[in-house]
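Structural overview for review
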There are 2 protein chains.
Amino acid sequence: MVVELISVGTEILLGNIVNTNVAYLAEQCALLGCSLYRQSVIGDNEGRMEEMIRQAVSRSDIVILTGGLGPTKDDLTKEVTAKVFQRALRMDDHSRERIEGFFQRRGGKITENNWKQAMVPEGAIVIDNDNGTAPGLIIEDKEKGKTAILLPGPPNEMKPMFEKDIAPYLRKLSPEGIYSRMVKICGIGESAAETMVADLMDAQTNPTLAPYAKTGEVHFRITAKARTEEEAEEMMQPLLEEMKNRFGNAIFTTEEKVTLEEAIVELLKERKYTLTTAESCTAGKLAGRIMNVAGASEVYNEGYITYANAAKEKLLGVKHETLEAYGAVSEQTAAEMAIGAAKAAEADVALSVTGIAGPGGGTPEKPVGLVYIGCYVNGNVSVKKCLFTGNREKNRDSSVVQALTLLRSELMK
Amino acid sequence: MVVELISVGTEILLGNIVNTNVAYLAEQCALLGCSLYRQSVIGDNEGRMEEMIRQAVSRSDIVILTGGLGPTKDDLTKEVTAKVFQRALRMDDHSRERIEGFFQRRGGKITENNWKQAMVPEGAIVIDNDNGTAPGLIIEDKEKGKTAILLPGPPNEMKPMFEKDIAPYLRKLSPEGIYSRMVKICGIGESAAETMVADLMDAQTNPTLAPYAKTGEVHFRITAKARTEEEAEEMMQPLLEEMKNRFGNAIFTTEEKVTLEEAIVELLKERKYTLTTAESCTAGKLAGRIMNVAGASEVYNEGYITYANAAKEKLLGVKHETLEAYGAVSEQTAAEMAIGAAKAAEADVALSVTGIAGPGGGTPEKPVGLVYIGCYVNGNVSVKKCLFTGNREKNRDSSVVQALTLLRSELMK
């Protein structure tokens, strides 16, 4: 089943927004076992859009279009696709009612052009939009074996619609389903991790093993083609076990949706530990990321941003002599920050970060990118020295991930 | 000058990474006055790549390809483009020396396949890569008036190369240059801002006026086509003045690269104020964003993350009775947090954030998305009530932007 993706919209074409929709759709379609060979972006121009859709339909089984379903004259995706599939547009009463309901709930005024969104190509399957006014559409040409799927452009409308209705639709088209498991790893670099399982990646055809790199993490997806989920699980299990043998504790989750900070908050809850943070160069980014986790309030009460040396002394009790002798960016200061934060917050666990994010402030002895991360767990403190080579933003982001990684490995000890 | 963008790479095609390169290139090319009608993504497949490049070359003046210039057999962009332009590949000694130099500096070992990257199509212009081993290439077919520009895929190699060599190359092709100014606005919603200048957007052809929306900010780009920068400035000046008349203090910068947090840190420096932060639901994200600014240490010494009520009392001196009577998410608590933070940090200015980010914790009286932002400036405190409608992440991000916007408007009073 060859799927082709077309994104419609001048704001994507001119680079005003980054096209995150297409990455989402590509990953989802690949997961469903579809073959993907091409993606395209086109503006709100009727002639060029028609040419592109005709080409896509001629070479692919399913064309998924996002965007251009709005109420204005510029929105042409539905009109042009209907033309290519030789379907007339007619008013769909169900969609009309849903649009009325949407405006009643939101309190806005329906303008005449909103009714354009209730016009659907003859014979199309209408997909309800729970988060906006433009319904999704599936237009099938069963004779030629061609299908167009039209989805709204805003990600908060498109993604729920895909998950709820389009994924099940695509799944039904395949005799076999595609099932996958995610193995997420931290504390091992991307190329080292890939080398450790190069033989597994090469050897496998079903299930397959593929790496996805993220800042400071490596994710491996195991994917199996099978008739049932149980069969797929059985096929994936040996590979999953082998991954666990090789990576051990470096695996922080085998769940698709679990993030590193969620895994850590879960560990803290299990151990009944509270956490605090003392940040210099990251200045809140570390705490901000941990608090992405809903319910983190169970393990986190307070934290400190200590940018100035005086703040490190006052809030964390770092010794003046330590700062004088070793400097703010040092193993000793990182250790005292972690110990002091734990004491001040009466927490079981504390993370500290102190470093030179750049662009200024570096010296030959302490260059930009030098960061010390302290981790205090119940009386023990350990410090990790890092030397990052990015810009200010990257150095701070890398510091956050390395702090989380250090915390996790200390908790697993 | 019609430019078409092609991104090469299976990892983009399968959605493993988001294609940020193409947004950057599209914006830059639009700024240079190029017309953009199509973008495409293709995998590492020779036949499909050749077909796509041939089509692109037939309909566009310039085709810019990114990715697929690596040392492996899968990297085919150069080979396929050379075939389309009927050029043989030959070893380029200069590129070979640069690759040797790169490995000498980095200390890695050159493998046989690295020399593939020093092979260039006959007659091509070779563009040095200061951040990697794959040189960029410009292949011109002057007879047919067609050009292919090949750039490496990693953004940290591609962007500096585009800025240093490709943008000047493209600029030279136009008899007229494109010059632009950015007007960045906060505190006014996107549609309200657009309505305020709808007449200007419709009326203008040269210079033009176009809006770009970002979370909590609206950016307008004024673009002029002219023979010299001075002429362009003269053409843009009346429109820039009119924008200043209409938006007044809501404009925080007219500089392309200045961010909201930079504008605020600059204001604080001018007024010789120090800033602190007291965060509950944002839990460090606000401070983390302010500290994106290099040199923010001049105005920021310390800050507080007070997630628990006890922490609000202990670190900020919020009264127990206030928390009891009005709750942690209230105008009164936000005000006391700001006043208490300023006192504790001995700062002239303090920002506080307290709210219900979700998904849990909402009640009919205090729903998810309710956030109070406090701003203390030199003895005066003001509180802004916000009701956001996103998920946890969006509510926290919106809180950060609204806090910065409130701070700026208080500083401008």
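Look above for the structure.
Along each chain, residues carry numbers from 1 onward, in the same order as the chain's sequence is written. Labels follow written order: the first chain is A, the first ligand is 1, and so on. Confidence filtering applies because this is a predicted model: local features only for residues at pLDDT of at least 70, side-chain atom pairs given and counted only at 80 or more, and all residues used for totals across whole chains, interfaces and linings. Side-chain numbers here rest on the full set of heavy atoms in the structure, without hydrogens or water.

Quick word on the packing of aromatic side chains
Residue and element names in this part refer to chain A.
- The aromatic pairing rule takes the rings of Phe, Tyr and Trp, using the six-membered ring of Trp, and pairs them if the centres are within 6.5 Å, calling planes under 30 degrees apart stacked, those over 60 edge-to-face and the rest tilted. Counted under the stated rule, the structure contains six aromatic pairs over all chains.
- Summarising the aromatic geometry, the rings of Y24 and F162 are spaced 6.0 Å apart at their centres and angled 80° between planes, so their arrangement reads as edge-to-face. With Y24 in helix α2 (residues 20-31) and F162 in helix α6 (residues 155-173), this residue pair connects regions lying 138 residues apart in the sequence.
- Accessibility expressed as a relative area gives 15% for Y24, which makes it buried.
- Exposure categories follow from relative accessible area, calculated using a 1.4 Å probe and restricted to protein chains: below 20% of the type maximum is buried, above 50% is exposed, and the middle band is partly exposed. Overall, the relative accessible area of 0% leaves F162 in the buried class.
- When the NZ atom of lysine or the CZ atom of arginine is within 6 Å of a ring's centre and also within 35 degrees of its normal, the charge is said to sit over that ring. Over the face of the ring belonging to W115 we find R96, whose NZ or CZ atom lies 3.9 Å from the ring centre. The helix and strand labels rest on DSSP assignments: H or I over at least four residues marks a helix, E over at least two residues marks a strand, and numbering proceeds from the N terminus.

Comments concerning the sheet that holds strand β13 (residues 275-279) of chain A
- Whether two strands pair comes down to DSSP finding at least two bridges between them. Across the sheet, which stays open at both edges, the ten strands sit in the order β17(A)-β16(A)-β15(A)-β13(A)-β14(A)-β14(B)-β13(B)-β15(B)-β16(B)-β17(B) with mixed pairing between neighbours. Two strands bound the open sheet, and with one partner strand each, they are β17 (380-387) of chain A together with β17 (380-387) of chain B. For this sheet the average axis-to-axis angle between neighbouring strands, irrespective of direction, equals 15°.
- Sheet analysis places β13 of chain A next to strand β15 (residues 349-355) of chain A, joined by five bridges and oriented parallel. Considered in β15 of chain A, the bridge of T277 of chain A is made with L351 of chain A.
- Contacting β13, β14 (302-306) and β15 of chain A together with β14 (302-306) of chain B, helix α12 (residues 309-316) of chain A crosses the sheet at an angle of about 150° to β14 of chain A. Angles run from 0 to 180 degrees between N-to-C directions of axes, and those axes are lines fitted to C-alpha atoms, restricted for helices to the stretch in contact. In what follows, residue pairs with any heavy atoms lying within 4.5 Å of each other are defined as contacts.

Here's the deal with unusual backbone geometry
- The amide bond that connects G358 of chain A to the next residue, P359 of chain A, takes the cis arrangement and shows omega of 0°.
- Locating P359 of chain A in the fold gives a position in the loop between β15 and β16 (370-377).
- Even without being glycine, A283 of chain B reaches a positive phi, approximately 50°.
- Within the fold, A283 of chain B resides in the loop between β13 (275-279) and α11 (285-290).
- You will see that E346 of chain B, though not glycine, has its phi angle at about 50°, which is positive.
- If you trace the backbone, E346 of chain B turns up in the loop between α14 (331-345) and β15 (349-355).

Considering the pairing of β13 of chain A
Residues and elements named next belong to chain A.
- The buried count for β13 comes to five of five residues, which makes it a mostly enclosed element.
- Direction of pairing for β13 relative to β14: parallel, over a ladder of two bridges. When the bridges of β14 are listed, A278 appears paired with Y304.
- For crossovers, right-handed means that the path from the first strand over the helix to the second runs clockwise, given strands pointing away from the viewer. Each parallel crossover has a hand, and the one from β13 via helix α11 (residues 285-290) to β14 is right-handed.

Notes on the interface of chain B and chain A
- Listed per partner, the contact involves 59 residues of chain B and 59 residues of chain A.
- Computed with a 1.4 Å rolling probe, the buried area is the accessible surface lost when two parts are put together, summed over both parts. Where chain B abuts chain A, roughly 4,500 Å² becomes buried across the two surfaces, and 53% of that area is made up of carbon and sulfur atoms.
- Ranking the residues of chain B by area buried against chain A places R38, Q39 and I305 of chain B at the top, with a combined share of 13%.
- Salt bridges are counted wherever a side-chain nitrogen of Lys or Arg sits within 4 Å of a carboxyl oxygen of Asp or Glu. Counting across the interface, chain B meets chain A through four salt bridges.
- Put simply, E51 of chain B and R38 of chain A hold a salt bridge, and the shortest N to O gap is 3.1 Å.
- Under the rule applied, a polar contact is a pair of N or O atoms within 3.5 Å (in protein, one hydrogen donor and one hydrogen acceptor; residues adjacent in sequence only if both atoms are side-chain atoms). Joining chain B to chain A, the criterion identifies 32 residue pairs in polar contact (both at pLDDT 80 or more).
- Considering each element in turn, the side of chain B that touches chain A owes the most residues, seven residues, to strand β2 (residues 35-42) of chain B.
- Polar here means any residue other than Ala, Val, Leu, Ile, Met, Phe, Trp, Tyr, Cys and Pro, which are nonpolar, and Asp, Glu, Lys and Arg, which are charged; Gly is therefore polar. By residue class, the composition of the side of chain B that touches chain A is 30 nonpolar, 18 polar and eleven charged.

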